[in-house]
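The primary structure of each chain is shown beneath.
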Amino acid sequence: MEQTFIMIKPDGVQRGLIGDIISRFEKKGFYLKGMKFMNVERSFAQKHYADLSAQPFFAKLVEYIISGPVVAMVWEGKDVVLTGRRIIGATRPWEAAPGTIRGDYAVEVSRNVIHGSDSVENGKKEIGLWFPDGPSEWKSNLHPWIYEV
Ligand code: RTP
């Protein structure tokens, strides 16, 4: 089944939003397959955001990501990449619909609480980077109540 990489950024952790964010993904019916509470090294943050290295905001983005602990997670489910991005909301919080995480909790693009993989391919890449030993093999017994099997 499809998997995505989700990270609660340092502002989301500091503001006490971890429980709420995890709850939104759980209640939707997605499975938590991996989770780490960790501080990120500068070089690791640069690697994660390597595609944005030419952007003028890159240095500030890296400072932001290393400014405090983050929660790195793997979530699994049908269309979890796209649906996860919908739960998160638009990158620019003023464009994010109310009811989304960024629509409800963020004001600035540079403090937008959460990251989610933007494609299945990038999801695989990011999971490989953050969870080199792979996500857990745990299987939920709620599966038939969430999916028509
Ligand atoms: P993310 O990777 O964090 O999920 O964000 P995204 O795909 O929605 O957006 P992306 O364009 O990949 O940008 C990555 C993160 O960079 C920060 N950003 N700052 N100061 C700025 O103009 C600016 N633009 C983007 C945001 O934290 C964004 O999530």
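Residues numbered from 1 in each chain as written. Predicted model: local features only at pLDDT ≥ 70, side-chain atom pairs only at ≥ 80, totals over all residues. Heavy atoms only, no water.

Participant: I tried to follow the sheet that holds strand S1 (residues 3–8) on my own but got confused; where do I start?
Facilitator: The strands making up a sheet associate through hydrogen bonds between their backbones, and the pairing can be parallel or antiparallel. Strands sit in the order S2-S3-S1-S4 across an open sheet of four strands; the sheet is antiparallel. Since the sheet does not close on itself, it has two edges, and those belong to strand S2 (31–38) and strand S4 (114–116), each with one partner. The average undirected angle you get between the axes of adjacent strands in this sheet is 15°. In this structure, S2 lies alongside strand S3 (residues 70–76), joined through seven bridges in antiparallel fashion. Among the inter-strand pairings, Gly 34 is bridged to a residue of S3, identified as Val 74. Of the strands in this sheet, S1, S2, S3 and S4 touch helix H2 (residues 18–28), which is tilted by about 5° from S3. (Pairing = 2+ DSSP bridges. Helix = DSSP H or I, 4+ residues; strand = E, 2+ residues; numbered from the N terminus. Axes fitted to C-alpha atoms, helices over the stretch in contact; angles between N-to-C directions. Contact = heavy atoms within 4.5 Å.)

Participant: Honestly, the site of the ligand in this entry has me stumped. Any pointers?
Facilitator: The immediate surroundings of the ligand are formed by 13 residues, with Lys 9, Tyr 49, Thr 91, Asn 112 and His 115 found nearest. Tyr 49 is positioned such that a nitrogen or oxygen atom in its side chain is 3.0 Å from an oxygen atom of the ligand. With respect to the ligand, the side chain of Asn 112 contributes an N or O atom lying 2.8 Å from an oxygen atom. Listed by contribution, the elements that provide at least two residues to the shell around the ligand are helix H4 (58–65) and S4. In terms of residue class, the shell around the ligand is made up of six nonpolar, four polar and three charged. (Near = heavy atom within 4 Å. Polar contact = N/O pair within 3.5 Å; in protein donor to acceptor, adjacent residues only side chain to side chain. Nonpolar A, V, L, I, M, F, W, Y, C, P; charged D, E, K, R; others polar.)

Any functional reading would require information that these geometric values do not contain.
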